[in-house]
Amino acid sequence: AALARAKLASSGLTAVDATALRIETLTATRTAALGFKPYPALKLNYAEITGKPSAFYRVRYLGELNGFDALAKKPPRYVQPPGTAPEVYFPTSFRWGTIAKDPARAVFITEGELKAAAATKLGYPTLGLGGVWSWRSTARRVSFLPALAAIAWEGRLTYIVFDSDFATNPDVMSALTALAKELTVHGARVAIVTLPNV
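No experiment lies behind these values; they were computed from the predicted model shown. (Residues numbered from 1 in each chain as written. Predicted model: local features only at pLDDT ≥ 70, side-chain atom pairs only at ≥ 80, totals over all residues. Heavy atoms only, no water.)

## Thoughts on unusual backbone geometry
Leave glycine aside and you will find that most residues have negative phi; peptide bonds, for their part, are mostly trans.
Reasoning step 1: Positive phi is not limited to glycine here, since R22 has a value of about 60°.
Reasoning step 2: Note on placement: R22 falls in the loop between α2 (15-20) and β1 (23-26).
Reasoning step 3: Of note, the phi angle at R141 is positive, near 55°, even though the residue is not glycine.
Reasoning step 4: One can find R141 in the loop between β7 (126-129) and α7 (146-149).
Reasoning step 5: Judged by relative accessible area, which is 81%, R141 ranks as exposed. (Helix = DSSP H or I, 4+ residues; strand = E, 2+ residues; numbered from the N terminus. Buried < 20%, exposed > 50% of the residue type's maximum accessible area, 1.4 Å probe, protein only.)

This is how it looks when you write it as structure tokens:
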């Protein structure tokens, strides 16, 4: 519980926010029961654009990883049920169904559920992607996720807010550029937000 509170706090969220967002705190045993590695974790439950709970979720491991996990060049932190395609994270503190139909409303797109939840809490309607390429599914030959395609983009001011490493990470830059192009094809007015490297 302490690890969960610390992770939420580092993202600008509280236990009350977590409850409203349907974020669950998992013990290592509960995480293992879902079929993942036995680490304490946050279970990030998704919602559909209507606000209805979705069956999709991702798990964010907490604390120190051990064994081969700790030795990995990029230790695993987020996992999702095997065989599932990426989904869009709609923080439940906004009525996304209404926003989706109104292109006069600007939206923000960021990398990560907790960042999206924190930004939305501050009044910025922000969609979360599980990864920089998670707006599409190459394995399923989906170039633009249905949940994104359901949004009226024509003329909508859309801010892409990825991590500051996009300037130095070619893969992140490629994903950002590709997403910006895809949104432009759908009629969005795209702006790239550069965050300070802190």
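## Notes on the packing of aromatic side chains
Reasoning step 1: If you walk through the whole model with that rule in mind, you get nine aromatic pairs.
Reasoning step 2: With a centroid separation of 6.3 Å and 85° between ring planes, the pair formed by F36 and Y57 is classed as edge-to-face. A residue pair is termed long-range when its members are at least 10 positions apart, and F36 in the loop between α3 (28-33) and β2 (41-47) and Y57 in strand β3 (residues 53-61) qualify at 21 residues. Comparing F36 with Y57, the two get one shared label, buried.
Reasoning step 3: Ring geometry for Y46 and F56: centres 4.7 Å apart, planes at 85°, overall edge-to-face. In this pair, Y46 sits in strand β2 while F56 sits in strand β3, placing the two residues ten residues apart along the sequence. Comparing Y46 with F56 shows no difference in burial state: the two are buried.
Reasoning step 4: One aromatic cluster in this structure is built from Y46, F56 and Y89.
Reasoning step 5: K43 extends its terminal NZ or CZ atom over the ring of Y57, reaching a point 4.5 Å from the ring centre.
Reasoning step 6: For R156, the ring lying beneath its charged end belongs to W153, and the centroid distance is 5.9 Å. (Phe/Tyr/Trp six-rings, centres within 6.5 Å; stacked < 30°, edge-to-face > 60°. Lys NZ or Arg CZ within 6 Å of the ring centre and 35° of its normal.)

## Things to note about the side chain of N45
Reasoning step 1: The residue N45 is located in strand β2 in this model.
Reasoning step 2: A relative accessible area of 6% means that N45 is categorised as buried.
Reasoning step 3: Reaching out from N45, the side chain makes a polar contact with the backbone oxygen of R22 at a distance of 2.7 Å.
Reasoning step 4: The contact partners of N45, leaving out residues within four places of it in the chain, are L21, R22, E24, F56, Y57 and Y89. (Polar contact = N/O pair within 3.5 Å; in protein donor to acceptor, adjacent residues only side chain to side chain. Contact = heavy atoms within 4.5 Å.)

## Quick word on the sheet that holds strand β4 (residues 78-79)
Reasoning step 1: One open sheet holds the four strands; their spatial order is β1-β2-β3-β4, and the pairing between them is antiparallel. The open sheet has two edge strands with one neighbour each: β1 and β4.
Reasoning step 2: With two bridges joining them, β3 and β4 adopt antiparallel strand pairing. Opposite R60, over in β4, you have Y78 as the bridge partner.
Reasoning step 3: Where helix α1 (residues 2-10) meets the sheet, its contacts fall on β1, β2 and β3, and the angle it forms with β2 comes to roughly 55°.
Reasoning step 4: Where helix α6 (residues 113-121) meets the sheet, it contacts β1, β2, β3 and β4, and its direction lies at approximately 65° from that of β2. (Pairing = 2+ DSSP bridges. Axes fitted to C-alpha atoms, helices over the stretch in contact; angles between N-to-C directions.)

## Focus: helix α8 (residues 170-185)
Reasoning step 1: Given a rise of 1.5 Å per residue, 16 residues ought to cover 22 Å, and the 22 Å separating the end C-alpha atoms of α8 matches this to within 8%.
Reasoning step 2: Buried within α8 we find V172, A175, L176, L179, A180, E182 and L183. The buried residues of α8 occupy an angular sector of 165° when projected down its axis, which confines them to one face. Opposite the buried face of α8, at more than 90 degrees from it, the exposed residues are P170, K181 and V185. (Expected span 1.5 Å × (residues − 1). Arc of directions from axis to C-beta.)

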